Amino acid sequence: GENVSYSDVIGIVKKEIRNARIIPLPVAAVKGWGYIELLKNRITGSDPLFTPEAVGRYLQNAAFNCQKAKQQLGYSITGFREGIQQTISYLKQRA
């Protein structure tokens, strides 16, 4: 699909989910939370919600090429906005 920045994603989600409360947090605080999740994992064995490394991946500006999937598998792209709308509808039906 199209390349969408993190801030674009947040903007689209805010528009699609009318009552969405998105709270900006400092990166250091979120990474610290990730370390607490890892500690919780070591103590209890429960899976961490996320790790500091995952926070780093979210901050990267990465783009992926789906040309091979289109050619070999007949993959068709769903735009981000359409995909998020479908996801939200699906989740609402399951709620």
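For the structure, check the block above.
Peer 1: Describe the packing of helix H1 (residues 6-16) against helix H5 (residues 80-94), naming the residues involved and giving the relevant values.
Peer 2: Relative to each other, H1 and H5 sit at 45°, their axes nearing to 11 Å. Relative to H5, the element H1 lies oblique. By crossing handedness, the relation of H1 to H5 is classed as right-handed. Judged by residue contacts, Val-9, Ile-12, Val-13, Lys-15 and Glu-16 of H1 engage Phe-80, Arg-81, Ile-84, Gln-85 and Ile-88 from H5. Its residues assigned to classes, the contact of H1 with H5 comprises 6 nonpolar, 1 polar and 3 charged.

Peer 1: Give me the lowdown on a nonpolar patch on the surface, citing residues and values where you can.
Peer 2: A cluster of nonpolar residues, Ile-23, Leu-25, Trp-33, Ile-36 and Leu-49, forms a patch on the protein surface that exposes about 570 Å² of accessible area. Assignment of secondary structure puts Leu-25 in the loop between H1 and helix H2 (27-44).

Analysis parameters
Residues numbered from 1 in each chain as written. Predicted model: local features only at pLDDT ≥ 70, side-chain atom pairs only at ≥ 80, totals over all residues. Heavy atoms only, no water. Axes fitted to C-alpha atoms, helices over the stretch in contact; angles between N-to-C directions. Helix = DSSP H or I, 4+ residues; strand = E, 2+ residues; numbered from the N terminus. Parallel < 35°, antiparallel > 145°, perpendicular 65-115°, else oblique. Left-handed = near helix turned anticlockwise from the far one by under 90°. Contact = heavy atoms within 4.5 Å. Nonpolar A, V, L, I, M, F, W, Y, C, P; charged D, E, K, R; others polar. Patch = residues over 30% accessible without salt bridge, like charges linked within 9 Å, V, L, I, M, F, W, Y side chains within 5 Å. Areas by Shrake-Rupley, 256 points an atom, 1.4 Å probe, with all protein chains shown as cover. Salt bridge = Lys/Arg side-chain N within 4 Å of Asp/Glu carboxyl O.

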